[in-house]
Amino acid sequence: MVNQLFNPQLLSQDGGLLQSCCIVFCALILARFAPIPRELQPLLWFNRLATLIAAKVNHPERAVSQQLIAGILATFILIVPSGIIVSFLLSFAAYPWFFELIILYFCLCDSAFKPVAQKVVNAIKTGNKQNAKQLLAPWAKQNTQVLSEVGISKTTIEKLFTTPIYGTLATVIFFALGGATMALMVRMLRQLEHCWPPYHPHFHIFSSFVGQLNRLIFFIPTLLWHCSLAIQFGQLGIRSIFSKATMSQTNKNQLNNHYSSYALAAQLLKIELGGPQQFSDNGKTIRVDLAKVKAGPLPDHRHISQAITITQTANQFWISLTLLLPLIWTGLRLL
């Protein structure tokens, strides 16, 4: 059996697949047990660059066509050169697997939000709301300092139900489809949407291109993630995905690509999510009125704990499936 496992013919046929699976496995382990501190993550440096470019070229007072063109050009300037550089780096590197591992590790950095959510729960329990706000600040675009305990709970639950979509599931899927370069470019597109929220009045036109593109790119990962969440609730969960209330509310909030996840989370947890957000822009406070999903009472720290359990189970399912598929494939090849 050992000789069959290390059969040169098997390695020549499936060596690339097995190597890619090992890269994904190691990246998932590193991201889970040795995450990069939030302030040192390279994607946050990319956020700052995107914010600086938007400050230079985004002018909401100009014509709609000019704002749209500026947003499209800014997106290509930020994404395309990075993709070309990474592609050449992987092509000429002596050990491309090492760089692929590093790139995946960077793309999976948002999978470390669960420990942050647990710290938020502990901070709320002890009445230390200021600490909870500081914990959420690096993860949210909105101004967390003005959040109440309910707002902290809502923001934490919403992050728990959305970060695995692009932080884990989409990264693995697009790495399997197009390698580390595609995974990184997709992840950078998601970061642009985070920096330029389409529902923010200053970015409504400027980021419409990246918002619509991300809706298409993340459609399948979002659907798969929703199914893994809903299946834990049986028929109730499946009905929640396709309920008229969820679909109608989502259709009314096309500017927020995560609204469908908020609506599903509210239906599953039987709570209220969504609502207005405040942003700080050059010392000015901008309030954006977003629709609420009312499926029950206002959330508290108990609902955050429940959301941690639900999302952790779904996340473990996809990670386990990712690791089992190559083993199953190898076993079938040996039969």
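Here is what the cut-offs are and how they apply
Residues numbered from 1 in each chain as written. Predicted model: local features only at pLDDT ≥ 70, side-chain atom pairs only at ≥ 80, totals over all residues. Heavy atoms only, no water. Helix = DSSP H or I, 4+ residues; strand = E, 2+ residues; numbered from the N terminus. Buried < 20%, exposed > 50% of the residue type's maximum accessible area, 1.4 Å probe, protein only. Contact = heavy atoms within 4.5 Å. Axes fitted to C-alpha atoms, helices over the stretch in contact; angles between N-to-C directions. Left-handed = near helix turned anticlockwise from the far one by under 90°. Nonpolar A, V, L, I, M, F, W, Y, C, P; charged D, E, K, R; others polar. Phe/Tyr/Trp six-rings, centres within 6.5 Å; stacked < 30°, edge-to-face > 60°. Lys NZ or Arg CZ within 6 Å of the ring centre and 35° of its normal. Patch = residues over 30% accessible without salt bridge, like charges linked within 9 Å, V, L, I, M, F, W, Y side chains within 5 Å. Areas by Shrake-Rupley, 256 points an atom, 1.4 Å probe, with all protein chains shown as cover. Salt bridge = Lys/Arg side-chain N within 4 Å of Asp/Glu carboxyl O. Parallel < 35°, antiparallel > 145°, perpendicular 65-115°, else oblique. Pairing = 2+ DSSP bridges. pLDDT = per-residue confidence, 0-100. Expected span 1.5 Å × (residues − 1). Core = buried A, V, L, I, M, F, W, Y, C linked by side-chain atoms within 4.5 Å.

I tried to follow the overall build of the protein on my own but got confused; where do I start?
Of regular secondary structure, the protein possesses 14 helices and 4 strands. Looking at the protein as a whole, 47% of its 335 residues are labelled buried. A separation of at least 24 residues holds for 73% of the contacts in the protein among residues at least 6 apart in sequence.

Can you walk me through the packing of helix α4 (residues 64-92) against helix α5 (residues 96-107) in this structure?
Orientation of α4 relative to α5, taken along the N-to-C sense of each, is 145°, at an axis distance of 8 Å. Judged by the sense of rotation from one axis to the other, the crossing of α4 with α5 is left-handed. The residues of α5 that touch α4, namely those facing Val86, Leu89 and Leu90, are Pro96, Phe99, Glu100 and Ile103. When its residues are assigned to classes, the contact of α4 with α5 shows 6 nonpolar, no polar and 1 charged.

Before we go on, may I ask you to explain the packing of aromatic side chains in this structure?
Each aromatic ring pair is specified by the distance between its two centres and by the angle formed by the two planes. Applying the stated criterion across every chain, the model contains 12 aromatic pairs. Ring plane angle 90° and centroid distance 6.2 Å describe the contact between tryptophan 97 and phenylalanine 98, whose orientation is recorded as edge-to-face. Between phenylalanine 203 and phenylalanine 206, the aromatic rings sit 6.4 Å apart at their centres with planes inclined by 55°, giving tilted as the arrangement. Phenylalanine 206 carries the same exposure label as phenylalanine 203, and that label is buried. Three or more aromatic residues joined by ring pairs make a cluster, and in this case those are Tyr95, Trp97, Phe98 and Phe99. Here the basic side chain of arginine 38 rests over the ring of tryptophan 139, its NZ or CZ set 3.9 Å away from the ring centre.

Before we go on, may I ask you to explain a nonpolar patch on the surface in this structure?
Together, Phe76, Val80, Ile84, Phe88 and Phe92 give the surface a local cluster of nonpolar side chains, amounting to about 520 Å² of exposed area. Relative to the helices and strands, phenylalanine 76 resides in helix α4. Phenylalanine 76 gets classed as partly exposed once you look at its relative accessible area, which sits at 43%.

Looking at this structure, how should I read the packing of helix α8 (residues 149-195) against helix α10 (residues 219-230)?
When two helices pack together, their arrangement is captured by the angle between the axes and the distance separating the axes. Contact geometry for α8 and α10: axes closest at 9 Å, N-to-C directions at 120°. What the angle tells us is that α8 and α10 run oblique. In the packing of α8 onto α10, the handedness of the crossing is right-handed. Touching Leu160, Phe161, Pro164, Ile165, Leu169, Ala170, Ile173 and Phe174 of α8 are Pro221, Thr222, Leu224, Trp225 and Leu229, all from α10.

Is there a simple way to think about the pairing of strand β2 (residues 277-281) in this case?
Taken residue by residue, a regular strand's side chains alternate between the two faces of the sheet. Both β2 and strand β3 (residues 284-288) contribute to a ladder of 5 bridges, which runs antiparallel. From the neighbouring strand, glutamine 278 faces β3, where its bridge partner is arginine 287. If you look at the hairpin formed by β2 and β3, you'll find 2 residues sitting between the two strands, and asparagine 282 has a positive phi there, around 55°.

What is the right way to look at the confidence of the model for the protein in this model?
Should pLDDT be low for a region, the predicted coordinates there are not to be read in detail. The pLDDT averaged across the protein works out to 86; a share of 89% of its residues lies at or above 70. Within the model, pLDDT remains below 50 along residues 1-6, and this stretch shows 6 contacts once partners closer than five positions in the same chain are excluded.

Hey, could you run me through unusual backbone geometry in this one?
Across residues other than glycine, the phi torsion is negative in most instances, and most of the peptide bonds are trans. Its identity as a non-glycine residue notwithstanding, lysine 270 has a phi of 60°, on the positive side. Note on placement: lysine 270 falls in the loop between α13 (259-269) and β1 (272-274).

What should I look at first to understand the pattern of salt bridges in this one?
If the charged atoms of two oppositely charged side chains come close together, the side chains can form a pair. For the structure shown, the criterion picks out 6 salt bridges. Across the pair aspartate 110 and arginine 187 runs a salt bridge whose closest N-O atoms are separated by 2.9 Å. Placement of aspartate 110 in the loop between α5 and α6 (113-125) and of arginine 187 in helix α8 is noted, with a sequence separation of 77 residues between them. The residues aspartate 110 and arginine 187 share a single accessibility class, namely buried. Note that lysine 292 is salt-bridged to glutamate 272, the shortest N-O span being 3.8 Å. Separated by 20 residues along the polypeptide, lysine 292 in strand β4 (residues 292-294) and glutamate 272 in strand β1 bring together distant segments of the chain. Taking the relative accessible area as the measure of exposure, lysine 292 reaches 37% and is therefore partly exposed. Using a relative accessible area of 9% as the deciding quantity, one classes glutamate 272 as buried. Residues joined in a network through salt bridges with shared partners are Arg38, Asp110 and Arg187.

Mind showing me how you'd approach α4 here?
In an α-helix, one turn spans 3.6 residues, which is why side chains three or four residues apart end up on the same side. Here α4 spans 43 Å end to end across 29 residues, near enough to the 42 Å set by a 1.5 Å rise per residue. The inward-facing, buried residues of α4 abut α3 (42-57), α5, α8 and α9 (208-217).

Would you take a moment to explain the nonpolar core for this structure?
As a rule of thumb, nonpolar side chains are buried together in soluble globular proteins. Formed by 80 residues in total, the largest nonpolar core has its most connected members in Ile157, Phe161, Leu192, Trp196, Leu229 and Ile304. It is α8 that contributes the most residues to this core, 19 residues altogether. In this structure, tryptophan 196 is in contact with Ala50, Thr51, Ala54, Gly71, Ala74, Thr75, Leu78, Phe203, Phe206, Ser207 and Val210, ignoring residues within four places of it in sequence. Tyr199, Phe279, Ile286 and Val288 belong to the second largest nonpolar core, which has 5 residues in total.

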